[in-house]
Amino acid sequence: MSTVISNPDKRMSEIAEKVENGQRLTLEDGLFLYESDDLLTIGQLANKVNLRMNGKKVYFIENMSLYFTNVCEAHCAFCHYRRDEGEEGAYTLTPEQMVEYVGKHYQPSMREFHITGGHNPNVPFSYYVDCIKALKQHYPDVTIKAHTAAEIEFFSRISGLTYKEVLQTLVDAGLSTLTGGGAEILSERYRQKMGVGKATTDQWLEVQRVAHSIGLRTHATMLYGSIETLTERLQHMIYLRELQDETNGFMVFIPNAVQPASVSAGIKRRVAAFDDLKTIAISRLMVDNIPHIKAYFINLGTQLTQIALSFGASDAHGTIVQERISHSAGALSPEGLTRDELIWLIKGAGRIPVERDTFYNEIQVYA
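The rules behind the values
- Residues numbered from 1 in each chain as written.
- Predicted model: local features only at pLDDT ≥ 70, side-chain atom pairs only at ≥ 80, totals over all residues.
- Heavy atoms only, no water.
- Pairing = 2+ DSSP bridges.
- Helix = DSSP H or I, 4+ residues; strand = E, 2+ residues; numbered from the N terminus.
- Axes fitted to C-alpha atoms, helices over the stretch in contact; angles between N-to-C directions.
- Contact = heavy atoms within 4.5 Å.
- Buried < 20%, exposed > 50% of the residue type's maximum accessible area, 1.4 Å probe, protein only.
- Polar contact = N/O pair within 3.5 Å; in protein donor to acceptor, adjacent residues only side chain to side chain.
- UniProt positions renumbered as here; feature names shortened; annotations may be inferred.

Another aspect to go through is the sheet that holds strand β4 (residues 143-146). Spatially, β2-β3-β4-β5 is the arrangement adopted by the four strands of the open sheet, whose pairing is parallel. Only two strands of the sheet have a single partner each, and these edge strands are β2 (63-66) and β5 (175-177). Direction aside, the axes of adjacent strands within the sheet are offset by 35° on average. Relative to strand β3 (residues 112-115), β2 runs parallel, the two sharing four bridges. Among the inter-strand pairings, N63 is bridged to a residue of β3, identified as E112.

If you want it as structure tokens, here you go:
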């Protein structure tokens, strides 16, 4: 969709005035911003909103990414991580194996386990519950951030339990929050075209709604840069904004660029840095009621992440230790960063690093 603007400077001024006055932007405003090549003005507007909300603080956490299984019933076109049962490279860790893996990498300063994985239909729901129980038993002080809304829908199907019952069972086992994935692009055209064999748009949103209703504060992502239209990206943001108006349960929005199939993929197979920065900025402007926008260094790379901190982002994610999903495709970034490296990255962008817990409570400010 292309919009003809007779006076683009006047249109940008009108949007700037809305931002200045704290007025909500429309889908049409978002389209204008996406179609504009005035990246610096868009970034300045997003930076203004972020400074208003978060000041110069940029948050990070000491965390570890964990993956119970890469066996998955879905065959999403963008995913290079999944395997079929019995395929070379397929794995499903037992709870004991997961605890053993964590023990090799655990540091006492670690505050969060970030857990995602495949929709493995060859194990029962109780397997996932037992994995969380084992981690919580061995590491009671570490917050467990586990499973996407799409995984919750999958668990509901294989167990016969409602979303609320699935979530409450996981909470009782030790779960504290959901990860943001599985959303991809909240458009049924996109999901059908990309073979997203998991939760529909309505199901993903409903799981989040139920999670918020039982007191969970959660995360939300968007996977952009493939076949989606700009309108679909913006509608995705608006869906989240509308649900946040209703529940106030989202803590952060994470726009992630899709990765190519291989690290050797040429630049034509990668999302342009111009689009990355514009999407971070427009996310901050459109999703006006979620406190934080995350610049995910795994997908952006460390240097573009630094720049994104002046384009509306207020979170640089965490230490991770060993990321696998994006790196099973063509991510060129490090698999993880140390606390000192994250502090350096944030200070190098002229911002104030703040170590946080999962819920954005401040642990230490590195002024």
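Quick look at the environment of G197 now. Locating G197 in the fold gives a position in the loop between α8 (188-193) and α9 (201-213). Between the alpha carbons of G197 and A77 there is a distance of 9.7 Å; along the sequence they are 120 residues apart. Dropping the residues within four chain positions of it, G197 is found in contact with E73, A74 and C76.

Most peptide bonds take the trans form, and the phi angle of most residues other than glycine is negative. With a phi close to 50°, E184 is a non-glycine residue in the positive phi region. Among the structural elements, E184 can be located in the loop between β5 and α8. Judged by relative accessible area, which is 8%, E184 ranks as buried. Phi is positive for H317, which is not a glycine, with a value near 70°. Within the secondary structure layout, H317 lies in strand β9 (residues 315-318). Since its relative accessible area comes to 4%, H317 is described here as buried.

Before going further, it helps to examine the environment of R209. Of note, R209 is situated in helix α9. On the accessibility criterion, R209 (28% relative accessible area) is partly exposed. Along the chain, R209 and T247 lie 38 residues apart, while their C-alpha atoms are 7.0 Å from each other. Look past the residues within four positions of R209 in its chain and what remains in contact with it is L243, E246 and T247. In terms of polar contacts, R209 uses its side chain to reach the side chain of E206, at 2.7 Å.

What follows concerns the UniProt feature "binding site: [4Fe-4S] cluster" (unreviewed entry) in the protein chain. The feature "binding site: [4Fe-4S] cluster" (unreviewed entry), as annotated in UniProt, sits at C72, C76 and C79 in this numbering. As for its placement among the helices and strands, C72 is situated in the loop between β2 and α4 (95-105). Relative accessible area serves as the criterion here: at 12%, C72 is assigned to the buried category. Leaving out residues up to four positions away in the same chain, C72 has contacts with R82, R83, D84, G118 and H119. Within the secondary structure, C76 is located in the loop between β2 and α4. When its relative accessible area of 8% is taken as the criterion, C76 is described as buried. Not counting the four nearest positions on each side in its chain, C76 is found in contact with M194, G195, V196, G197 and K198.

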